[in-house]
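# A structural walkthrough
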Amino acid sequence: MPKKPGTSSNPRKKNIAIGAGVAVAALLLGAASYSATKPDEPSSVTAKEESAADVSADPQAGVYPELAKLARRDGKDPLAQGPEDAPVVLIEYADFKCGYCGKFARDTEPDLVKKYVEDGTLRIEWRNFPIFGADSESAARGAWAAGQQGRFWQFHEAAYAEGAKEKGFGGDRLKELAKEAGVKDIGRFSDDADSAGAKAAVKKDQEEAYGLGATSTPSFLVNGQPISGAQPDEVFDQAIEQAAKRAKSSGAKK
């Protein structure tokens, strides 16, 4: 049985240990690949399509300590919200061209923020995972650039509004979204979106997701528990509440 990350000072051994946990979790993260996430999907999600998303993410699924360590807990991360020391961290790997990512952003995430982020239970960390080509990549870099001026979540909301993705994410469209998000310096925004920093940041997130075996968006980790797809609210509620209980129990034992 491989050692857990952090038990060795050898980076190579640590990577091997993480990989072992990832190999198991990949079966869960890669379990759901929805046709509705294709970029030509209609902006509305039908009841039939919604039911297709309910095929995975058993709230009793395994929790992998190796994956929980992927939480960055960086207080200066503009692509995160919630206290860095929150007992539960939800990591989301998503694409702005993904219909189900938009569904989660509009229908589920606001409630999670109200119920768990605002009371300090939950931290949400976004990872750009562009999988639908050049437009996805452009949107990811634009979101990162908006974050450099403290407007990531406002850009996120604008880019996931009903009908937004159908307009594409070309240069002029990104500027429109940035203005809608309240980004003050549009010139800087454009420079940042085309910068080496944006490309490196997006690549880092993307490679992390692929390394986990994620093949569809959105994919999530809740304190190391994989969840695939825009699941019903109760799936996330239960996963977060169970993770909070585990964190509290673990803290009490220390």
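Presented here is a report on the structure given in the accompanying data block.

### Regarding the packing of helix α5 (residues 134-147) against helix α8 (residues 186-193)
- Where α5 meets α8, the axes come as close as 8 Å, and the angle between the chain directions of the two elements is 130°. Viewed along their axes, α5 and α8 adopt a mutual orientation that is oblique. Like other packed secondary-structure pairs, α5 and α8 cross with a definite hand, here right-handed. Note on element contacts: α8 touches α5 through Phe189, Asp192 and Ala193, opposite Arg141, Gly142, Trp144, Ala145 and Ala146.
- Tallied by class, the residues present in the contact of α5 with α8 amount to five nonpolar, one polar and two charged.

### Some remarks on helix α7 (residues 171-180)
- The complete set of buried residues in α7 reads Arg173, Leu174, Leu177 and Ala178. Down the axis of α7, the buried side of the element spans an arc of 140°, and every buried residue falls inside it. Exposed and facing more than 90 degrees away from the buried side of α7 are Asp172 and Lys179.
- Elements in contact with the buried residues of α7: α5, α6 (152-159) and α8.
- Positive backbone phi, at 85°, marks Gly182, one or two positions downstream of α7.

### Observations regarding the environment of Thr217
- In this fold, Thr217 is placed in the loop between α9 (196-212) and β4 (219-222).
- Since its relative accessible area comes to 0%, Thr217 is described here as buried.

### Some points on the sheet that holds strand β1 (residues 80-81)
- The five strands lie next to each other as β1-β3-β2-β4-β5, forming an open sheet whose pairing is mixed. Because the sheet does not close on itself, it has two edges, and the strands there are β1 and β5 (225-228).
- Taken together, the four bridges between β4 and β5 define a ladder with antiparallel strand orientation. Residue pairing for β5: Ser219 is matched across the bridge by Ser228.

### Examining α9
- The end-to-end C-alpha distance of α9 is 24 Å, a good match for the 24 Å that 17 residues give at a rise of 1.5 Å each.
- Residues of α9 that are buried: Ala198, Ala201, Val202, Asp205, Gln206, Glu208, Ala209 and Leu212. Angular distribution of buried residues about the axis of α9 spans 155°; they occupy a single face of the element. For α9, exposure combined with an orientation more than 90 degrees from the buried face picks out Ala196 and Lys204.
- Gly213 sits one or two residues past α9 and shows a positive phi near 90°.

Conventions used here
Residues numbered from 1 in each chain as written. Predicted model: local features only at pLDDT ≥ 70, side-chain atom pairs only at ≥ 80, totals over all residues. Heavy atoms only, no water. Axes fitted to C-alpha atoms, helices over the stretch in contact; angles between N-to-C directions. Helix = DSSP H or I, 4+ residues; strand = E, 2+ residues; numbered from the N terminus. Parallel < 35°, antiparallel > 145°, perpendicular 65-115°, else oblique. Left-handed = near helix turned anticlockwise from the far one by under 90°. Contact = heavy atoms within 4.5 Å. Nonpolar A, V, L, I, M, F, W, Y, C, P; charged D, E, K, R; others polar. Buried < 20%, exposed > 50% of the residue type's maximum accessible area, 1.4 Å probe, protein only. Arc of directions from axis to C-beta. Pairing = 2+ DSSP bridges. Expected span 1.5 Å × (residues − 1).

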